[in-house]
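# Observations on the three-dimensional arrangement
Listed below are the residues making up each chain.
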Amino acid sequence: MTAPAEPWTRRAPVDLPGPEGDNSIAREPLWYAYGAGDDAPEPPPWTWAATPPPDAHVPPPPPRPAGPVTLLPPGTTDHLSALPYPLVPAPGPAVPDALAHALTTTFAPLRREPENPYNEHRPYASPRCLFPVHAFVGDGRDWRLLEPTRHTLTGPGTGSPSRVALTGRYTAIPLAYQWFRGSLVAIETGMVLRALSLGLELFGVPATLTPPTADGPELLRELGVEHTWEWSLPWLVELDEPHGAGREATGFKETPVPEGDPSLTDVVRVNRAQPYVPRGAGQHSIYGYRRVGATSHTQPAPVTTAIPPTLPDSPHAPTWSELLWHRHSGRMPRALHGMDSAKCLTPLPTRTLTTALAWLGVPPPHPALAAAFDEVTVTAVVQHIDGHTPGIHRIHDGTAHLLRRDPTAPAGLEANYGYGLTPVNGCGIANAPLTVFFSVRPRELFARFGPAGWSAAQHACGWAVHGLCLAAAAEGLFARPVRAFKEIQTKEVIGLGEDETIVLSAVVGVPRETGGAVLDLRT
C-alpha cells in the first residue's frame, strides 16, 4: 500500500477522465483507457444502450460436465469448530481429505436468510450473491466442477485432487452491468483467493499459485466450458509440482463473443490483454513494460498466509467456524434492500480498528499481486472508535495516519452513495464507524505494470476487502463491499487526487437485529 499523501486541501470537483457523469459503471472503461494513455477518453458507443433490468437476469446453469458426482466429505464445520480463533494450526494436512475440507470452507453455503432478497450466503461476499467465480478441481488429467450448493465434484476423474483452477463467468452477472462485469469478476477473484488461502491454511494444505497465462483460453477449453469467451483467464492453485507454468500452447483460437453484447466483447478483449506470462516476452517482466533481472513474477509462488501474524482474541468468534458464520454484509428486515448501521452510543474499542488494520496489512500471496497491492492507496473514514480522531485517515504499514479531522465525513459519504435511504432501501453509512476506500492512479499503474496491472490491482483489493470482512466479523460488525459511491464527490470527501480512481470500498457497520430467521446450511 502506498505511503500517506500530503494533508488534504479543498479544491473544486474534477471530472477526469470524462464529463459524461458520475456513474461508476460508465466511468470504469474510461479510467482503463486513461491508464493506457488516452488523455481524453470517449465513452464506448454501448454506454447508453438499453439493457434489461438487473432483476430480470437469470444466471446460466452451472457448466456441469458429463460424468459421475462425488460428494464432498461432511464434517468440515466440526473441524473448524475445534480450531480456536485466531490460532493457526501447524502446517501439514490436519485431517484426511484436507483439500476437500478446504474447498468446503471456501465455497460451501453457510446460511440462508429468508427475508434477504439475495441468497445463498457463502463465506465471502459476492455481488447479488451471484458468485460468478467458479472452481474446477483437477487430478493431473481430468477436471471436475466444484458445485458448492450440492457439495459435490462433478465430472470425470478418479485420481486424488491436486489442483484448482479459478475462473469467473461474465455472463453470470446481469447485462446491465456492461463493462463493469469484468471488474466484478476480477474483484471477486481476489476475494476467492483470500478465502481459499484461508481454507488451505486452516487445513494445513501447502500449495502454489500461478497467475493467468497467454494460453489461458486453451486451459478454459481443457476445463470443459462450452464458450471460453464467457470466462476470465484462470488462476491455478496446485498442491504438488506445479503444471501451470509448463503448459505448451497449441494455437487454440477462441470464437468471438456473439453479436448483441458489445460491452462483453470489450470485457474479454481487456481480460485477454492481461496474461501474466506473455509468450515471447523474453527478458521483459510479466507486465511487458519494463525489463527486470528476475522472473519470480512469472513463476508459481507459494500460497502464503491469509491470516495476520498477531490478532487479539475475539469476544464474538471463539472458533474459526464462528468467525465465518458471523461474516455478513449487513441485513435489512422484511426483504428490504441495502444495509443499516445502528448508531454507536458508546465508542467501539480501539481493538476494532487494530484488527481491521491487521487483516488489511496481509499482502496477496503472489509477487504479481503483492506488487500491485503496493500501488493501492487505502483511505479510512473513522468515527466512534476509541482512541481515534473522527475523520479521514490514510492506512500505511498497519497504521492509520490522520489526514484530516472531519466528523461530518460519514454524512458526506452517505449523501454521495448511489443507494440512499428510501422506503425500500436501507443506508447506514452515516452511522458506520468505519468506511474504507481502495484507490489507484491508473496512469501510474499502467506505466509500471502494463495492462496486467488493472486486474492485478482489482484482485489485490478483493483480497484486502475479504480480510476486512473477517475483521468485522471478529468484532461483531458487518462489512459490505460496495462500488456505488459517486466517485467525483466522494473523492472530494476523502481527499483523493484528480488522477485517482476508486477500485473498491467497504462499509463496516453495527448490525441491527431484524428478527428474521437464519437457516444454518453448514456441513
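Right above here is the structure, for reference.
Residues numbered from 1 in each chain as written. Predicted model: local features only at pLDDT ≥ 70, side-chain atom pairs only at ≥ 80, totals over all residues. Heavy atoms only, no water.

With that settled, consider the overall build of the protein chain. If you tally the helices and strands in the protein chain, you get 13 helices and 18 strands. The C-alpha atoms of the protein chain give a radius of gyration of 22 Å, which matches the 24 Å a tight globule of 523 residues would have. Viewed in the frame of its principal axes, the protein chain has a C-alpha envelope of about 60 × 55 × 50 Å. Split into buried and exposed, the 523 residues of the protein chain put 58% on the buried side. Looking at the protein chain, you have 40 positive and 50 negative side-chain charges, and the mean spots of the two groups are 2 Å apart. (Helix = DSSP H or I, 4+ residues; strand = E, 2+ residues; numbered from the N terminus. Rg over C-alpha atoms; globule rule 2.2 N^0.38 Å. Buried < 20%, exposed > 50% of the residue type's maximum accessible area, 1.4 Å probe, protein only. Lys, Arg positive; Asp, Glu negative; His and termini not counted. Charge placed at Lys NZ, Arg CZ, Asp CG, Glu CD.)

With that out of the way, let us pick up the sheet that holds strand E11 (residues 377-382). The strand order E13-E12-E11-E15-E17-E16 describes an open sheet built from six strands, whose pairing is antiparallel. Lying at the two open borders of the sheet, with one neighbouring strand each, are strand E13 (399-405) and strand E16 (478-482). Across the sheet, the axes of successive neighbouring strands diverge by a mean angle of 25 degrees, strand direction being ignored. Where strand E15 (residues 434-440) meets strand E17 (residues 501-509), seven bridges bridge the pair, whose relative direction is antiparallel. For Ser439, the partnering residue across the bridge sits in E17 and is Ile502. Strands in contact with helix H12 (residues 452-474) are E15, E16 and E17; relative to E17, the strand with the most contacts, it is inclined by about 5 degrees. (Pairing = 2+ DSSP bridges. Axes fitted to C-alpha atoms, helices over the stretch in contact; angles between N-to-C directions. Contact = heavy atoms within 4.5 Å.)

By size, the foremost hydrophobic cluster in this structure holds 93 residues, and its most contacted members are Leu200, Trp320, Leu434 and Phe438. Per element, the largest residue contribution to this core is 14 residues, and it comes from H12. If we ignore the near neighbours within four places in the chain, the residues touching Phe438 are Leu360, Val376, Thr377, Val378, Cys461, Ala464, Val465, Thr501, Ile502, Val503 and Leu504. (Core = buried A, V, L, I, M, F, W, Y, C linked by side-chain atoms within 4.5 Å.)

On the secondary structure map, Glu188 appears in helix H4 (residues 180-202). Comment: no salt bridge for buried Glu188; closest opposite-charge side chain is Arg122, at 6.3 Å. Setting aside chain neighbours within four positions, we find Glu188 in contact with Tyr124, Ala125, Ser126, Pro127, Phe131, Pro132 and Val133. (Salt bridge = Lys/Arg side-chain N within 4 Å of Asp/Glu carboxyl O.)

With that settled, consider the packing of helix H1 (residues 24-35) against helix H11 (residues 442-449). Where H1 meets H11, the closest approach of the two axes is 7 Å, and the angle between their N-to-C directions is 50 degrees. Between H1 and H11, the crossing angle belongs to the class labelled oblique. Of the two possible hands of crossing, H1 and H11 adopt the one that is right-handed. Facing H1, whose interface residues are Trp31, Tyr32, Tyr34 and Gly35, H11 presents Pro442, Arg443 and Phe446. (Parallel < 35°, antiparallel > 145°, perpendicular 65-115°, else oblique. Left-handed = near helix turned anticlockwise from the far one by under 90°.)

For the rest of this paragraph, the subject is the packing of aromatic side chains. For the structure shown, the criterion picks out 13 aromatic pairs. Members of the aromatic cluster, each reached through a chain of ring pairs, are Tyr32, Trp179, Phe446 and Trp454. Positioned above the aromatic ring of Tyr34 is the side chain of Arg443, whose terminal nitrogen or guanidinium carbon lies 4.2 Å from the ring centre. (Phe/Tyr/Trp six-rings, centres within 6.5 Å; stacked < 30°, edge-to-face > 60°. Lys NZ or Arg CZ within 6 Å of the ring centre and 35° of its normal.)

Whether parallel or antiparallel, the strands of a sheet pair through hydrogen bonds between backbone atoms. Judged by pairing direction, the sheet is antiparallel, and its eight strands sit side by side in the order E1-E5-E4-E3-E6-E8-E7-E9 without closing on themselves. Two strands in the sheet have a free side with no partner beyond their single neighbour: strand E1 (69-71) and strand E9 (301-302). When strand E3 (residues 133-138) meets strand E6 (residues 163-168), the two strands line up antiparallel, connected through six bridges. Opposite Ala135, over in E6, you have Leu166 as the bridge partner. Docked against the sheet, helix H5 (residues 216-223) engages E3, strand E4 (143-147), E6 and strand E8 (235-238), running at close to 110 degrees with respect to E6.

Let's shift gears to helix H6 (residues 262-272). Counting buried residues in H6 gives eight out of 11 residues, a clear majority hidden from the surface. On its buried side, H6 packs onto H1, H4 and H5.

Before going further, it helps to examine unusual backbone geometry. Cis geometry marks the peptide bond from Tyr85 to Pro86, where omega comes out at 10 degrees. In this fold, Pro86 is placed in the loop between helix H2 (76-81) and helix H3 (98-107). Between Asn119 and the following residue, Glu120, the backbone shows a cis peptide bond with an omega angle of -10 degrees. Position of Glu120 relative to the elements: it lies in the loop between strand E2 (111-112) and E3. Positioned with a positive phi, Arg334 is a non-glycine residue whose angle comes to about 55 degrees. Structurally, the position occupied by Arg334 is in the loop between helix H7 (320-326) and strand E10 (337-339).

Moving on to the pairing of E3. In terms of burial, E3 is a largely internal element, six of the six residues being buried. Where burial is concerned, the two faces of E3 agree: the one with Val133, Ala135 and Val137 and the one with His134, Phe136 and Gly138 are both buried. As consecutive antiparallel partners, E3 and E4 are separated by four residues, and within that stretch Gly140 has a phi angle of approximately 100 degrees, a positive value.

Here the structure, examined in full by the defined rule, presents 22 salt bridges. Here Glu120 makes a salt bridge to Arg112, at a shortest N to O gap of 3.0 Å. The closest approach of N and O atoms between Asp266 and Arg269, which form a salt bridge, is 3.3 Å. With Asp266 and Arg269 both in helix H6 and three residues apart, this pair spans about one turn of that helix. It is possible to trace a salt-bridge network through shared partners that takes in Arg64, Glu147 and Arg150.

Bringing the pairing of E8 into the picture now. Burial of E8 is two-sided: the residues Trp235 and Val237 facing one way and the residues Leu236 and Glu238 facing the other way are all buried. With four bridges joining them, E6 and E8 adopt antiparallel strand pairing. What sits directly across from Ala165, in E8, is Leu236. Where strand E7 (residues 208-210) lies against E8, three bridges are found, and the strand directions are antiparallel. By the bridge assignment, Thr210 is partnered in E8 with Leu236.

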